[in-house]
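# Understanding the architecture of this molecule
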Amino acid sequence: MNLTEIIGKRLKVMRGQRSWSLDQAAQATGVSKPMLSQIERGESNPTVSTLWKIANGFGVSFSSFVEEEQPSIKKVITNEIDPIADASGTFLVRPLFPVERGKSFEIYSLELLPGCSYSSEAHPDGVEEYLLVEEGSFALTVHENTFTLSAGENLRFAANFSHCYQNHGDTPAKLIMMIYYPYPRA
C-alpha cells in the first residue's frame, strides 16, 4: 500500500470513528468535500498544507495519518521514507517518529529545496516546534520576526503564530523538526 492509500484509509477510519459525514469533515477542516472524498479513495495525494488542515480539524497530529504499530525499538532510514510535499514540491516532510499514544511529541525530517517558501498556519496554543539544522541554511519568519539558521544552529518557538520557511540559497536545507504538544496525544 502506498503513502496516498495509507493516508486515505486513515482519514476514512478517523471520520468513521467520529461518525462524521463528508460535509461535517469539510466544515471542521476547511477542506472541500470532493477533495476529502478523493483523498479517502486514494485518488489524490494531499499537500502538506491540506494534511495539516485535516489534522487540525480532526484534532489529531499530522503524523497520525502515516503512523504504524510501534515496536519498542525502531530504526528509521530517512531516505527510505517517501516525502510528503507542498504544492510547489519544494518543502518535503518525512515523518521519522510519529506521535504515539501517551506521548506529546513527534519528529520529522524536513528538506527545503532552493526557492522554497512554505507558510504554515498557526498551531493550537502551547504547541512548540524545535528545529535542528543539519545542512544548508534557511530563513524562518514567526509573527514578523525573521531568523536565519545554518547548519549546527537550532531554534525553538511557540507555534501558535503563522510561520514561514524560506530557502533563498542554491542548495537544499535539511533539518530535523520536533513538534511538542502540551498534552499527550490520544
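Residues numbered from 1 in each chain as written. Predicted model: local features only at pLDDT ≥ 70, side-chain atom pairs only at ≥ 80, totals over all residues. Heavy atoms only, no water.

## Describing helix 3 (residues 33-40)
For helix 3, the complete set of buried residues consists of Leu-36, Ser-37, Ile-39 and Glu-40. End-on, the buried residues of helix 3 take up no more than an arc of 160°, which puts them together on one face. Gly-42 occupies a position one or two residues after helix 3 and carries a positive phi of about 75°. (Buried < 20%, exposed > 50% of the residue type's maximum accessible area, 1.4 Å probe, protein only. Helix = DSSP H or I, 4+ residues; strand = E, 2+ residues; numbered from the N terminus. Arc of directions from axis to C-beta.)

## Points about the sheet that holds strand 2 (residues 91-97)
Each strand in a sheet pairs with another by means of backbone hydrogen bonds, the pair being arranged parallel or else antiparallel. The 6 strands are arranged 1-2-3-10-5-8 in an open sheet whose pairing can be described as antiparallel. In this open sheet, the two strands that pair with only one neighbour each are strand 1 (84-85) and strand 8 (154-158). Two strands pair when backbone bridges link them, and strand 2 and strand 3 (residues 105-112) are joined in this way by 6 bridges, in the antiparallel orientation. The partner of Pro-95 across the bridge, within strand 3, is Tyr-108. (Pairing = 2+ DSSP bridges.)

## Some remarks on the packing of helix 1 (residues 3-17) against helix 4 (residues 48-58)
Where helix 1 contacts helix 4, the two axes come as close as 12 Å, and the packing angle between them is 20°. Put simply, helix 1 runs roughly parallel to helix 4. Our pair here, helix 1 against helix 4, has a crossing hand that is left-handed. Residue-level contacts link Ile-7, Leu-11, Met-14 and Arg-15 of helix 1 to Leu-51, Ile-54 and Phe-58 of helix 4. Class assignment for the residues of the contact of helix 1 with helix 4 results in 6 nonpolar, no polar and 1 charged. (Axes fitted to C-alpha atoms, helices over the stretch in contact; angles between N-to-C directions. Parallel < 35°, antiparallel > 145°, perpendicular 65-115°, else oblique. Left-handed = near helix turned anticlockwise from the far one by under 90°. Contact = heavy atoms within 4.5 Å. Nonpolar A, V, L, I, M, F, W, Y, C, P; charged D, E, K, R; others polar.)

## Looking at helix 1
Since there are 3.6 residues in each turn of an α-helix, residues three or four apart along the chain are aligned in direction. Under the 1.5 Å per step criterion, the end-to-end length of helix 1 is 21 Å for 15 residues, consistent within 8% with the ideal 21 Å. Inspection of helix 1 places Leu-3, Thr-4, Ile-7, Gly-8, Leu-11, Met-14 and Arg-15 among the buried residues, and these make up the whole buried set. An end-on view of helix 1 places all buried positions within 135° of arc, on one side of the element. Relative to its buried face, helix 1 has exposed residues pointing more than 90 degrees away, namely Lys-9, Lys-12 and Gln-17. Tucked into the core, helix 1 has its buried residues touching helix 2 (22-29), helix 3, helix 4 and strand 1. (Expected span 1.5 Å × (residues − 1).)

## Some words on the domain arrangement of the protein
Each domain of the protein was delimited in the assignment, giving domain 1 (3-66) and domain 2 (78-180). A C-alpha centroid distance of 22 Å is found between domain 1 and domain 2. At the interface, 14 residues of domain 1 touch 19 residues of domain 2. Summed over both sides, the interface of domain 1 with domain 2 buries roughly 1,200 Å², with 68% coming from carbon and sulfur. For the interface between domain 1 and domain 2, the tally reads 0 salt bridges. Counting across the interface, domain 1 meets domain 2 through 4 residue pairs in polar contact (both at pLDDT 80 or more). Of all the secondary structure elements, the ones that give two or more residues to the side of domain 1 that touches domain 2 are helix 1 and helix 4. Looking at which element gives the most residues to the side of domain 1 that touches domain 2, the answer is helix 4, with 6 residues. For the side of domain 1 that touches domain 2, the residue count by class is 8 nonpolar, 5 polar and 1 charged. (Domains from an automatic or database assignment. Buried area = accessible area lost by both parts, 1.4 Å probe. Salt bridge = Lys/Arg side-chain N within 4 Å of Asp/Glu carboxyl O. Polar contact = N/O pair within 3.5 Å; in protein donor to acceptor, adjacent residues only side chain to side chain.)

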